[in-house]
Amino acid sequence: MSETTPTPTVVTASVRIAAPPGVVFPYFTSPVLITQWLAERADLDAQPGGVFSIDVRGNPARGTFIEVDPPHRVVFTWGIEGDAGLPPGSSFVEVVLEGDVDDTIVTLTHHGLPEAYRASHQEGWTEFLGVLAKVVPSSPLQG
Amino acid sequence: MAAPEDLATPAGPDAVLRALADPHRREIIRLVQGRELPAGQIAGNFSLTQQAVSQHLTVLKRAGLVDERREGTRRLYRFRRDALEPVRELLDEFWPDALERLKEVVERDHPRGSGPNPSRARPRPSRKSTT
């Protein structure tokens, strides 16, 4: 199933959170808060050009902040240290927080993943395999 | 199509990822992704001993990433693309799962309707009533 379904090179995910953007935003920029949901270790300097360094289930995700606009938007580059397929800073993550009454809709878009992320293109396997080796946390699939 | 006689149950994403977390093994996969190659020819691409390459091939085979076919004394290897399916699914779920976790954590830390969360480490001004 889905071998013929093209996989986009941009990954988007969104969630609605029952808290306003001002509450949610620091969970992307504070090392104390980010380690509660995304990382087990974090070194963050939340300003343009500042370091974005987190360990995601043992994978060293490294990059820099590109844009920090509380509480609406934060953009940081992303890559995995030691991975030639997705090196530090090679892709970027854009997070948009939109207030909706007392809620926040968080929309996250991961741009610039290697062309290889398209499952149906054989020539992309080279880089795709580099991504797989390091990006994915080793947790059991949900459900 | 070679019968996957050496494969029991599908390896699952962790075994696949461990197999992929080695640049030599990734290079082997590149070599055999579009065509079947014998072990000797694969080994010729590396400055490793043939035994080392064989060990890598065994890891890949056990993870279901390559099929091994024997032809006389030769062993031929070919990439099995469907072995990556569970990992592809995992990649697709990484950010959605992370955002679900974010939601749980934020809503736990800031329950609706209770005002400032009393469990946050913020010193409260002491209130002494004076009558």
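Residues numbered from 1 in each chain as written. Chains lettered and ligands numbered in written order. Predicted model: local features only at pLDDT ≥ 70, side-chain atom pairs only at ≥ 80, totals over all residues.

Visitor: Whenever I open this one, the overall build of chain A confuses me. Can you help?
Guide: Secondary structure summary: chain A contains 4 helices and 7 strands in total. The secondary structure elements of chain A, listed N-terminal to C-terminal, are β-α-α-α-β-β-β-β-β-β-α. In chain A, which comprises 143 residues, the proportion classed as buried is 38%. When contacts within chain A are restricted to residue pairs at least 6 apart in sequence, those whose partners lie at least 24 apart make up 41%. (Helix = DSSP H or I, 4+ residues; strand = E, 2+ residues; numbered from the N terminus. Buried ≥ 20, exposed ≤ 12 C-beta atoms within 10 Å, placed from the backbone. Contact = placed C-beta atoms within 7 Å.)

Visitor: Sorry, what's going on with the overall build of chain B here?
Guide: The helix and strand inventory of chain B stands at 5 helices and 3 strands. Sequence-ordered secondary structure for chain B, helices as α and strands as β, is α-α-β-α-α-β-β-α. Across chain B, every contact between residues at least 6 apart in sequence was considered, and the portion connecting residues at least 24 apart equals 59%.

Visitor: Hey, could you run me through the pairing of strand β2 (residues 66-71) of chain B in this one?
Guide: A regular strand places its side chains so that they alternate between the two faces of the sheet. Residues and elements named next belong to chain B. As paired strands, β2 and strand β3 (residues 74-79) are joined by 6 bridges and run antiparallel to one another. Looking at β3, one finds that E71 is bridged to R74. The antiparallel hairpin formed by β2 and β3 contains 2 residues in its connecting segment, where G72 sits at a positive phi of about 65 degrees. (Pairing = 2+ DSSP bridges.)

Visitor: For this particular structure, what's the right way to read the nonpolar core?
Guide: The tendency in soluble globular proteins is for nonpolar side chains to be buried as a group. Of all hydrophobic cores here, the largest spans 31 residues; its most connected members are V24, Y27, I34, F76, V93, V95 and V106 of chain A. In contact with V93 of chain A, other than residues within four places in its own chain, are V75, F76, W78, L108 and H110 of chain A. (Core = buried A, V, L, I, M, F, W, Y, C linked by C-beta atoms within 7 Å.)

Visitor: Quick question: what am I supposed to make of the pairing of strand β4 (residues 59-69) of chain A here?
Guide: Residues and elements named next belong to chain A. As defined by bridge partners, strand β3 (residues 51-56) adjoins β4 across 6 bridges and the pair is classed as antiparallel. Bridged to I54 within β4 is A61. Sheet topology places β4 next to strand β5 (residues 73-78); 4 bridges connect them, and they run antiparallel. Counted as the bridge partner of F65 is F76 from β5. The hairpin turn running from β4 into β5, its antiparallel successor, is 3 residues long.

Visitor: I would appreciate a short explanation of the confidence of the model for chain A in the present structure.
Guide: Detailed reading of the predicted coordinates is not advisable wherever pLDDT falls low. Residues and elements named next belong to chain A. Here chain A averages 79 in pLDDT, and 70% of its residues register 70 or above. Here residues 1-8 is modelled with pLDDT under 50, and outside its nearest four sequence neighbours on either side it reaches 8 contacts, counting other chains as well. Taken together, the stretch residues 136-143 has pLDDT below 50 and engages in 18 contacts with residues farther than four places along the chain or on a different chain. (pLDDT = per-residue confidence, 0-100.)

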